[in-house]
Amino acid sequence: MIRISLLPHIRESLKDGPQVHYTLLFPIARVYRETGCFHDSQKIYERELEEMRQALGIEHPDTLTSMSNLASVYSDIGRYSDTLKLQEQALALRKAILGDEHPETLTSTSDLALTYSSLGQNQEALNFGKEVVEARKGVLGTEHPVTLKSMMSLADTYSILGEHEEALRLVEPALEMCKRVLGPNHPDTLSCMADLSRIYSSLDRHKDALEVNQLVLETSKSILGDVHPATLTYMSSLATTYSDLGQYQDALMINEQVVGVSKGILGPEHPDTLTRMSNLARTYSNLGQYGEALKLYEEVYALRITVLGTDHPRTRETLEDVKLIRIQLEKADAAHYQKVCERELEEMRRVLGPIHPQTLVSMSNLATIYSNMGHYRDVLMLQEQVFELRKRILGDEHPDTLTSASDLAVTYSIIGQNEEALKFEKKILEARKRVLGVEHPDTLKSMKDLADAYSALGEHKEALKLVELALEMRKRVIGLEHPSTLNCMYSLSCIYSSLKRHTDALELNKLALETAVSILGDTHPDTLTYMSSLAITHSHLGLHRGALKFGEQVVLLTKGVLGFEHPVTLTRMSHLAHTYSNVGQHREALLLHEAVYELRIRILGSDHPDSVKSLEDVNLARILTEKVGVAC
């Protein structure tokens, strides 16, 4: 807060370009950096480094410190190649002058490990991290605070590589040492506890994460105060854990509070404020409030361009978030939006490289857009590329690789290659059981996906065994009211319908809908999915008036949430048209089928499978309407 208040005075004093001695440049650059003014900080650090090189020489310790500071600012603004160049130079000089195990040499090595991680070169980051931990243990001792911080950094790298158990083995003893050496209320101990909660979350031990987060936040408030930056960080972490548990309203309340306080203390353009705004937007999305989410994401994107620049990974990450929400809302013309996303992907390949994790995320998102447009060959090509790259970079059983395999299996199923989909889903399930454990949520999702693959091949009894088991595990592990449990109940109801067990499907649909309304609200996309399923189940049982009631309600609500041109809205309109036909309202059925067909041609194109099916529906509805007219 004090540093933010200094900014106007610093800017005023530098306005006319006075000759400030290089020894005074560091505190000025530091104030700029800590208040999020990275580009101002960069200019000051560049000037400081140049003047120090001339006055003290390249090998002077203060020059090397200045070099490291400038590298850190380059990292802040996403110039990782420049960061790497400076850090490698600083490390080589410190090794030559001070030796391999000097504390400042090890600091340079640790900085370099973080940069490798930012560049997606996680194996190199891991190797450097291990080297630093072992050296600091030898030089400083295992329980030295700096050694403990190195252990935490190494744990973060293991987590990035998906080796969460290995990360846990590092963090748990480090936390015990922090408590013993520094005390349970020391800020570094709290930071270590926060790292432990993140690892618990990565292992889907969300209840353990919640317990740790609540303790950290309570302690931080009592020691540091309600508005300390660390306290705000711990509040954000608690909100994330609530989201992981499906408690989105609790997450929303905390995130809105954190954003309000962060804007007041740090300002709306500070990078930490923007991260918290992005978290809030994600919570809006989880609650199905896509309009609010899009508005906030677009605000964050515009501010990140101003603060960090268009090429910064955080800016590009936000652009991906904007794209995904727009996909949900179908705000843009599909063909135009596809071209925009293709240009963005090419730009990301140029700036970050073709194998950077964020580039691969962008490829996956573009594949989603192609899928929405029915361009399945393009989807398949992109997903196969992402899958092969992740296998090569991360290994066959990394969680991200398995996610790519899962995406690919879904596409195989869509294009009718059900045997190929089944083969993938079997491998994914076995890998997730081995890597994550039988009760991990991702493993349970794989069981449901494998069940879907069996159903697509007509093997509904095999599907039933898997989904019933997955549902029981979800109830036990994350509870009946978790959104993932409700989704599993929905899948089971679909299998019941396929097995003609429509009464069982009806009871399950009613329970899923009732629970979703109470937890997520009556306009959440998941709630609308269960309402639509309930309408269809009524039709299967010949309860057409019930089907009509729920069908009309879900179409009205879906138009309000997703818009009348969204593919999901059109699917539900099509179902409603069939219901009109079932109750003898053939004229209403024809008009609705025709509306759906015209919209699908415009949005998806005449060759899309949904458009072809709509044309068949229109032709059949015309025949039925003409027959009724002749009979009258």
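Located above this text is the structure these notes cover.
An account of the accompanying structure is given in this report. (Residues numbered from 1 in each chain as written. Predicted model: local features only at pLDDT ≥ 70, side-chain atom pairs only at ≥ 80, totals over all residues. Heavy atoms only, no water.)

Among the surface-exposed residues, Val-139, Leu-140 and Val-146 lie close enough to one another that they form a single nonpolar patch of about 180 Å² accessible area. Here Val-146 shows up in helix α8 (residues 145-160). The partly exposed category is assigned to Val-146, whose relative accessible area is 31%. (Patch = residues over 30% accessible without salt bridge, like charges linked within 9 Å, V, L, I, M, F, W, Y side chains within 5 Å. Areas by Shrake-Rupley, 256 points an atom, 1.4 Å probe, with all protein chains shown as cover. Salt bridge = Lys/Arg side-chain N within 4 Å of Asp/Glu carboxyl O. Helix = DSSP H or I, 4+ residues; strand = E, 2+ residues; numbered from the N terminus. Buried < 20%, exposed > 50% of the residue type's maximum accessible area, 1.4 Å probe, protein only.)

With that settled, consider the packing of aromatic side chains. Taken as a whole and judged by the stated rule, the model has 4 aromatic pairs. On the numbers, 5.4 Å between centres and 55 degrees between planes, the contact of Tyr-412 with Phe-424 is tilted. Placement of the pair is Tyr-412 in helix α20 (residues 399-414) and Phe-424 in helix α21 (residues 418-436), with a sequence separation of 12 residues. Judged on exposure class, the residue Tyr-412 and its partner Phe-424 are both buried. Between Tyr-490 and Tyr-530 the ring centres are 5.8 Å apart and the planes differ by 45 degrees, which places this aromatic pair in the tilted class. With a gap of 40 residues between them, Tyr-490 in helix α24 (residues 483-498) and Tyr-530 in helix α26 (residues 525-540) connect regions that are remote in the sequence. Taken together, Phe-387, Tyr-412 and Phe-424 form an aromatic cluster joined through their ring pairs. Between Lys-549 and the ring centre of Phe-550, over which it is positioned, the NZ or CZ distance is 5.0 Å. (Phe/Tyr/Trp six-rings, centres within 6.5 Å; stacked < 30°, edge-to-face > 60°. Lys NZ or Arg CZ within 6 Å of the ring centre and 35° of its normal.)

Look at helix α13 (residues 248-266): 26 Å from first C-alpha to last across 19 residues, which is about the 27 Å you get at 1.5 Å a residue. Taken together, the buried positions of α13 are Tyr-248, Ala-251, Leu-252, Ile-254, Asn-255, Val-258, Val-259, Ser-262, Ile-265 and Leu-266. (Expected span 1.5 Å × (residues − 1).)

Vacant regions in the atomic arrangement are exposed by a probe of water-molecule size rolled over the atoms. Across all of its chains, the model carries 3 cavities of 30 Å³ or more by this definition. Volume-wise, the second largest cavity comes out at about 80 Å³. For the second largest cavity, the full set of lining residues is Ser-110, Ala-113, Leu-114, Ala-125, Phe-128, Gly-129, Val-132, Val-133, Ser-150, Ser-153, Leu-154 and Thr-157. If you list the elements that add at least two residues to the lining of the second largest cavity, you get α6 (103-118), α7 (122-140) and α8. For the lining of the second largest cavity, the element with the most residues is α7, which contributes 5 residues. Along the lines of polarity and charge, the residues of the lining of the second largest cavity split into 7 nonpolar, 5 polar and no charged. (1 Å grid on protein atoms, 1.4 Å probe; cavity = no way out; pocket = protein on both sides within 12 Å on 5 of 7 lines; lining within 4 Å. Points joined across faces, edges and corners; volume = space filled by probe spheres on them. Nonpolar A, V, L, I, M, F, W, Y, C, P; charged D, E, K, R; others polar.)

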